[in-house]
Structure formats: structure tokens, C-alpha cells
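# An overview of the molecular structure
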Amino acid sequence: MSVSEKEKDPAALKEDGNNLFKAGDMQGAVSCYTKALKLSDKQAESAVLYRNRSACYLKLEEYNKAEADASKALDNDPGDVKARFRRAQAYQKLGQLDQAFMDAQRCAQLEPKNKAFQDLLRQLGAQIQQKSVQLNSTDARVQQMFSLLLDASAKDSDRQKAAQNLVVLSREDAGAEQIFRNDGVKLIQKLLQSKQEDVVLSALRTLVGLCTGHQSRTMAIVNELGMEQLCAVMGSGASTVSLAACHLLQVMFEALTEGMKREIRGKDEAILPEPSKELRSMLRHLLEMMPAANVSGSGRDSAINLLVKQVPRKSLKNPDNSLTLWVIDQGLKKILEVAGTVSELSEGPPLTDNSHMSCSVLLNKLYDDLKSDKERENFNKLCEEYVQAHFSRSGLNAKLRAIQTVSVLLQGPSDVGNRTLEMSGMMDAVISLCASEDVTHQQVAVEALIHAAGKAKRASFITANGVALLKDLYKKSENDRIRVRALVGLCKLGSAGGTDFSMKQFAEGSTLKLAKQCRKWLCNESLPPTSRRWSVEGLAYLTFDADVKEDLVEDKNALLAMCELAKSEDKTVLFAVGSTLVNCTNSYDVEKPDPQMVELAKYAKQHVPEEHPKDAPSFVEKRLVKLLEAGVVSALVCMVKQESPALTEACRECIGRVFLALVERQEDRGTVVAQGGGKALIPLASDNTDIGKIKAAQALAKITITSNPEIAFPGERIYEVVRPLVSLLSLECTLLQNFEALMALTNLAGISERLRQKIIKEKAVPKIEGYMFEEHDLVRASATECMCNLVLSTEVQKMYLATGNDRLKLLVLFSGEEDERLRKAAAGTLAMLTAEQPELCARIPGTTTHWLEIVQALLLSEISDLRHRGVVIVHNMMQAEKSLAETLMESEALEILSVLAKGGEGTPEAVSKIAQNCLDKAVEYNIIKTREGKEKGKGTEP
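What counts and how
- Residues numbered from 1 in each chain as written.
- Predicted model: local features only at pLDDT ≥ 70, side-chain atom pairs only at ≥ 80, totals over all residues.
- Heavy atoms only, no water.
- Helix = DSSP H or I, 4+ residues; strand = E, 2+ residues; numbered from the N terminus.
- Buried < 20%, exposed > 50% of the residue type's maximum accessible area, 1.4 Å probe, protein only.
- Contact = heavy atoms within 4.5 Å.
- Axes fitted to C-alpha atoms, helices over the stretch in contact; angles between N-to-C directions.
- Parallel < 35°, antiparallel > 145°, perpendicular 65-115°, else oblique.
- Left-handed = near helix turned anticlockwise from the far one by under 90°.
- Nonpolar A, V, L, I, M, F, W, Y, C, P; charged D, E, K, R; others polar.
- 1 Å grid on protein atoms, 1.4 Å probe; cavity = no way out; pocket = protein on both sides within 12 Å on 5 of 7 lines; lining within 4 Å.
- Points joined across faces, edges and corners; volume = space filled by probe spheres on them.
- Disulfide = S-S within 2.5 Å.
- Expected span 1.5 Å × (residues − 1).
- pLDDT = per-residue confidence, 0-100.
- Phe/Tyr/Trp six-rings, centres within 6.5 Å; stacked < 30°, edge-to-face > 60°.
- Lys NZ or Arg CZ within 6 Å of the ring centre and 35° of its normal.
- Salt bridge = Lys/Arg side-chain N within 4 Å of Asp/Glu carboxyl O.

### Description of the overall build of the protein
The number of helices and strands found in the protein is 56 helices and 0 strands. Residues counted as buried form 53% of the 942 residues belonging to the protein. For the protein, the share of sequence-separated contacts (at least 6 apart) that also reach a separation of at least 24 residues comes to 68%.

### Comments concerning the packing of helix H10 (residues 173-181) against helix H12 (residues 197-211)
For the pair H10 and H12, the least separation of the axes is 9 Å and the interaxial angle reads 110°. As judged from the angle between their axes, H10 and H12 are roughly perpendicular. Taken together, the residues of H12 that come into contact with H10 (itself represented by Ala176, Ile179 and Phe180) are Thr206, Gly209 and Leu210.

### Re the packing of helix H24 (residues 426-434) against helix H25 (residues 439-452)
One way to put it is that H24 packs onto H25 with a least axis distance of 8 Å and a crossing angle of 130°. Taken together, the axes of H24 and H25 are oblique relative to one another. Both H24 and H25 take part in a crossing whose hand is left-handed. Residues Met427, Val430, Ile431, Leu433 and Cys434 of H24 lie in contact with H25, whose contacting residues are His441, Gln442, Ala445, Val446, Ala448 and Leu449. Classifying every residue of the contact of H24 with H25 gives 9 nonpolar, 2 polar and no charged.

### Concerning empty space enclosed by the protein
Inspection of every chain in the model, using the stated rule, returns 2 cavities of 30 Å³ or more. Lining the second largest cavity we find Val812, Ser815, Leu830, Ile844, Ile854, Val855, Leu858 and Ile873. When residues of the lining of the second largest cavity are assigned to their parent elements, the largest contribution, 3 residues, is made by helix H51 (residues 851-860). Classifying every residue of the lining of the second largest cavity by side-chain character gives 7 nonpolar, 1 polar and no charged.

### Notes on the state of the cysteines
Enumeration over the complete set of coordinates arrives at 0 disulfides. Looking at the unpaired Cys786, the closest cysteine sulfur is the one in Cys788, lying at 9.7 Å.

### Here we look at unusual backbone geometry
Phi is positive for Glu61, close to 65°, though the residue is something other than glycine. By the secondary structure assignment, Glu61 is in the loop between helix H4 (43-59) and helix H5 (63-76). Backbone geometry at Asn586 places phi at a positive 55°, although glycine is not the residue there. By secondary structure assignment, the location of Asn586 is in the loop between helix H33 (574-585) and helix H34 (595-603).

### Observations regarding the environment of Arg159
Mapped onto the fold, Arg159 is located in helix H9 (residues 156-170). Of the residues examined, Arg159 reaches a relative accessible area of 24% and is grouped as partly exposed. Sequence separation between Arg159 and Val199 is 40 residues, and the spatial gap between their C-alpha atoms is 8.2 Å.

### With respect to the environment of Ala88
Mapped onto the secondary structure, Ala88 falls in helix H6 (residues 81-94). Of the residues examined, Ala88 reaches a relative accessible area of 0% and is grouped as buried. Linking Ala88 and Ala70, residues 18 residues apart in sequence, is a C-alpha distance of 9.1 Å. With near-sequence residues (within four places) excluded, Ala88 lies in contact with Ala100, Asp103, Ala104 and Leu120.

### Quick notes on H4
When the terminal C-alpha atoms of H4 are compared, their 25 Å separation across 17 residues agrees well with the 24 Å that a helix rising 1.5 Å per residue should span. Burial of H4 is extensive: 13 of the 17 residues sit out of reach of the surface. One or two residues past the end of H4 sits Glu61, with phi positive at roughly 65°.

### Concerning the confidence of the model for the protein
For the protein, the average pLDDT comes to 84, and 89% of its residues sit at 70 or higher. Of the regions scoring below 50 in pLDDT, residues 497-505 engages in 22 contacts with residues more than four places distant in sequence or in other chains.

### Structural notes on the packing of aromatic side chains
Scanning the model with the defined rule gives 3 aromatic pairs in all. Ring centres of Tyr474 and Trp521 lie 6.3 Å apart, and the angle between their planes is 75°; this geometry places the pair in the edge-to-face category. With Tyr474 in helix H27 (residues 467-476) and Trp521 in helix H29 (residues 510-523), the pair connects residues that are 47 residues apart, well separated along the chain. By the burial criterion, Tyr474 is buried, and Trp521 matches it. We note Lys399 situated over the ring of Phe391; from NZ or CZ to the ring centre the distance is 5.6 Å. The ring of Phe619 carries Lys622 above its face, with NZ or CZ at 5.9 Å from the centroid.

### Structural notes on the pattern of salt bridges
The tally for this structure, following the rule as stated, stands at 44 salt bridges. One salt bridge in this structure joins Arg485 and Glu447, with 2.7 Å as the shortest N-O distance. With Arg485 in helix H28 (residues 480-494) and Glu447 in helix H25, this pair connects stretches of sequence that are 38 residues apart. On the basis of relative accessible area, Arg485 is assigned to the buried category, the value being 4%. A residue is classified by how much of its surface remains accessible, and Glu447, at 12% relative accessible area, is buried. Arg652 is paired through a salt bridge with Asp687; the nearest N and O atoms lie 3.7 Å apart. On the criterion of sequence distance, the pair formed by Arg652 in helix H37 (residues 649-662) and Asp687 in the loop between helix H39 (677-684) and helix H40 (690-706) is long-range, its members being 35 residues apart. On the accessibility criterion, Arg652 (11% relative accessible area) is buried. The partly exposed category is assigned to Asp687, whose relative accessible area is 39%.

Next comes the structure, spelled out in C-alpha cells:
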């Protein structure tokens, strides 16, 4: 049957699926069964296909899907005992023990002598009994804590202890259920009104335990407590309480949205109402917090943070951006109220130093989530209307609000910001306010001017019209807040040439003077943190110049001050620190031009970018050493931990780039790991830009190659490293990244079976096999080495046992290649496979007519490792079948083994011993005879 005919025949597809299942390729089997189900029109056939696919999902640990398929099989054929057994197994893994017990009991009734059914029934009985005991015990503990918390005469210390115990209990499934059923939510509502911060924190953390991963409980809690109370708690003045409330709302959002995504199965879940009503209610209250004067600055920042995380789509592949459109329609102007607030003026809600940056990030996320020009035009129109409404009013304060809004837009959706900046009179107002005698007016205008200089055409306009003004402010202003901002404006304009040494905006030495002043302000602790942050912003622009980089890394006090600022409460400094470090480490991407194109450009008198001599690798390496000595790793680790919208994906990418540069030298990797760099890289490899993920994953690979992974990533963290490494096995990555990922996976695969299973589960095996065909010698060899460690897993061994593939043939052929590293890896894989799966030995002669020559070449190799692998393969083959032993003994292998068995100089003892065992086996088979046997006339010569 041809391939095209097979694709149309459900029976053939089912047979292919069965073969793939036996070979351990569960994903392939699922694909075949799914195709067959689409074609099948017979009820009985569909039932079997669903049952088989359910078995695959059980192996893949996708228990919801396994249960769903088993149920569909039973819908078609209620008497299918195998499908019922599989559903019982799925229910057990999902924790639905009562339903699992009913299915297992029915299976045992239908086939009383089936041992597997009886064993499952016993397991479930024990689990149900244990859960019952646990529930009774938990019920008593919950009642005791409630009594203590409600007792007004109890000591405060006892009540606090009870509240903390309640938190611990809520993290257990049984405990959370008992708290919820014993009217715990009403009690928690009273605790939230307490004036003791510890008690309020305990109440919030208990609610986190109740809501985590539980949609129905979360919906009930949202409706019972009401969003007004939760938002009031989050908007309170205490930052710790505000953060805890923010975390609770985050957990609630996740529980509701995950519930919407999950496939609904079973009667209990089917009657649940849609949680979209609760979601909209939560979002509406968060938007109402934006302009509210009674909400604290930290509470408002938490609300913005939640909107950033929950509103935009997580993936652009999801076509539904209705939530973003709803938020823009209902709340864009409320968000712009925060954006336009000038803290120094009495009007507007209270803000923190981070509020404007958080607003910029939210506005940018909303704008990026729009799908059409019509949607973007509506966003632009709403922003322009808001800015125009304030700008056209009489009074300076209204104009300042308009300019401040433009400034925030320029930092976020810059296209929108540029359009509002081009409104009639706006730029003139900014320039004129820069000359104002009022410090607040100057500050707002200068910041707008700095953000406006972001694009080349705008920068050239400001260079022509605003440089003199900025220089005047820098030299003549008596207020350091204004001077530092004017300095940053000059820095930004002075760095317009980027890393191009030949394009400098200012006279020779000017950038160095500006950088020196930035470093001076950075080290001045008497200045407010915001002013010191602006000095880092200036360095972020100026460090495009290699002379400035060199001066900065030589100034230890400036580096220490920058690192301390990165760890501070001011989150707005994160991107500036990240950008400065990217420049200092030269970890930005540089495309090296084609030499022929450079010559053509010179001939045509076109500009050709030039690299600064101090950007040479030797200078970069010295800078990296200085940064490590200054403690930059601990600063980067603190930056990663920040729960703030200011930690944008662009900022994460910067941190990933710097980490990759810091681990470039093998001798520095231990320092990076010791200071927490390994732990920090794991989230960077999953939550980042596409480039940032690759950079962080490559840094993880470098650490895993040269460090002991169990020390670098202790405990469960080591399993989190696997996915980022597997992501590097992609055609979009460079061969170096592929190679390093394979090397790192090889190390992990050699540690434990659980790690091998994790690698298999991440679907790495087919990718690794693909790289075994790579033309590059090192990549091909490293892929084979990785496979050598993976074959210790039974699932991978089954892939080699499956018929109809050339996996074994490839290993045999690789064992005869000239590349020593590849031969070692392939021969080692063969040695292990033939030891674990003896039936493979009989297939080796069928792989190639040169198999015997390849084996003999291994035995004769001058490299002891290859000889060792060769004798192990021969020993395994002789142990497996007498006919194989006869074939080997009839060849030159007998003579080679005889020489190896004698040992002597250059032959390791282990090799001699295995060679002797081979000869002993041949004697046992009566293929050859010993010298003594020959004298007595026993046996026959081969």
C-alpha cells in the first residue's frame, strides 16, 4: 500500500499507530490515531481508536485528555473493559479517586481474575481511606483555628499563630476544602478588616491557598468578598499588604482564565458558570483604581502590574484580543489620567517613582495587542483627544498634564507619542517651558524633550533647535534635578552615531566630559534616587563610545553605585542599567559587513561604519573581569526578581545578553553560579523576547557543560533547565548554540533516569537524531554522545528495537568513521544497546556488509577507549547467539581477541579480561578448544 493510500485508510493508520506505540513514539502514535478518527465512520472502530489514543495520553502524562478519550470510547462501546481501566487510571492521576474506584470496581466485576484490575482496586481503596482520615483530622484543626481567631479574649500572639497555621493548612488540598466548607471565607472577610498587618497578610495568603488552581472556589470567593474590598486592601498604604493583595488577585486571574481554557468534562464541571463575568468585574475595578485619589501609589502600581499581566494576549497566535479592546474602550482615559499626573502639582492621584514607567509599559502592551489599522487609529484618536483637551485649556497646569502624557506615550507606544508631539504648538510649548524659571515646569519639559529625541529625524530637529538650550540648562541651572536631565538630553543626542566610531555628534572629548559628570552624580548619595537614575540613563547612551566604557569600568565607585541602584526600590532604573551593561560587555548584535561590500561602499563614497579600537575582544575581556569584581552578578539577580512592569521583555533581553557575556570565559562561570546567576537565568529563558530566550538558554548551556549541574542547579531546579536547552535545538539557532545545547543535554542525560525522562518528554530525541546527520563533525559527534547517554532509558532502547528504521545501521556505520570522537560515541552507544537489548545483536550483521570489518577495526584500534568498546560489543554479540559467535570466531577476530587476552604493554586490564571472557564463551559453545583440550582430543578446531 502506498503512503497516500495509507493516509486514507483508518485501519492502516491504526496499525501504524500501534507500531509507533510499541516503539515508544507516543506523539507519532497519537498523530496516527487522530488521523484515523477523522476518517473512521464505524462506531466500533472509533471506540478502539479512542481507547488506543487514551493509552498514549497516559504515557505522555496528559491525564485530562486520557480521561476524555477513554470516556468517548465508552460512549461508543460501554462494555470496553480496557477503555474503562484506562479511564480509572486517568481518574486516579487526576485525584478523582471515587470515580476511579467505581471504574476499577466495574473492571474487576467483568474480569475477576485480572491481576492488574485487582491491584488498582487495592491501591484506590488505600488512597480513599487515607484521604478520609486526613479530612477528619483537618476538619478538627480548622475548627480549632476558627474558634481561636473568633475569640476576642485570646492573646494577640495566639491569634496571629492561628492565622499563620491557617495559611499553611490552605496550601493542602484537604485543608483548603475544609476551610472553604466551614464558612472560612466569611471569617477571612473579618480578618481583612483587622488593623494588625500580620493578620491581614495571613488572611490574604490563606485566600491564595484557597484560589490556587481552583476555578469554582475562586468564583465563589470573588462574589462573596467583592472586588471593592480586595481593591481597597490593595490600595492601602502598606506596601507589603498591597503586594500580597496583588499576588492574590494574580492567582485569582490565573484560576479563572485557566478554567476557561480547560476542556470541560463530567457533570460536576459542566454546570459551572462561565467566569468571564468575574474577570470583567475584576478588570473594571482595577481600572477604577487608576484615577482614584484614595488609592496609594504602591496600590496603583500593583493594579497597573495586574493589567499588564492579564489583559494583552500571551501569544499573538490567539486571534481574540477582545479583552484589550474592552479595556481601551472602558479605561484608556483613566490610564492616561495617571500618565498625565505631575506629582509636584496638587492635582491628580498619588504616584510612586515607578508609576509613569509602569503606565508606559501598559500603554505599549495594549497598543501592541491591536490587530488592525482601524483599532490602532482608534487608540491614536483617544490619546490625541485626551492630550488636546488638556493642552487647549487655559492655565499652565493643564498644558503640563498634556506634555507629561506625551512624555509617557513616547516611552511606551512611541508612534502614538510622536503623533501627539506633532500636534500644533506642542513642540514649541516644550521648548519654551524648558526656559521656565519654575523647576517643575522645566523638569516636565526637559523629560519630554529627552524622550522626543528617540528617533533620528526628531534627534536631528532637536540637535538643530534644542542642543543650545540643553547646554544652557546644564551649565547655568542651579538645580541638580534639571542639570542631570539636561545632561541626559545631551548624552542621548551625543550617542546618535551608536557604536560607529566615525560618526560622532559632538567634538572630541565632549562625550567623556559628559560621562564623567554622569558618574559624579551617580556616586552622589545626597541626590534623590530619581536624579541618580537619570545619570545611569545618560551612561546608557554614552557607553556606545568605547572610551566611556573603559572609564566606567575603571571607576569602581561608579560601578558599585550603579549595582546598588539596580537593587533599590526604583524600578525605572532597570532598563538603563541593563543597556549600560550590554554596551560595556559588547553583548549587542553586530553584523559584520561583507569585505567586498565594504570596498564597493568606499568606491562609491558611501559611509562605512568603523569599530572603535577599544571594542576589540581583549578590551572586552578585561571589562568583563572588572564588572564581575564589582559584583554585577548580584545586581542582575536582584533585577530578575523584580515584580514590576518596568522589568519589560526588552529589559530581560538585556540581562540575558549580559549573563551570556559573563559566562563566555570558562573560569568565570563558577563565580556567576555562586552569586545566583544560574537560578536567575531559568526564568529569563522562558519569559523573554525570542532573542532573549536564546541568549539566556545559551548561557545555561555553557554553565551546564563545564559545571556540575547538580551543584549549579540544586534540587528540582535542574529539571527546569531541560526545556531551555531543548529550545536551542532549532534551525533558527546557530550551529554553536546547537552544539552547546547537545553538550549540556549529554551531561544532564548522564545524571539520572528522571532527567532522561524529562528530556524525552520535552520531545528532544527526534531533534537529537536529526543532528546525528549534521555535516559539521563536532555537532554530529555531540548529538551521538547525547544519544549514548539517552539509550540508558528503556523508551529510547525500544526505538532501536522497532523495525523499519536505520537507527542501528547508523551507529554501526559511525563506529567505522575516521572522526575519533564520533567513533567513540557511536561504539559506546552500540556497546550499551547490545548489553541492554541482546536481540539487537542479531540485527547488526544485517545493517551493512562491512560490519565485521568495522568491529575488527575497533578491536585493532590504537586508542584504548575504542578497543574497550569493541571487545564489549563482541562479548555482547557472542553472549546473545551462538551463530554470531561462530561468525566472529571464523574471522580474524579470534586472533585479535587472543592477542588482547594475553594483555601486555598498552592493553588495559579491563580489555584483556573481556577478551578472555569472549574466548571462554567460544570454548563453552565448543567452537574453539583450549590448548589442554586439544591435547586430550576434545573439541574440534573451527
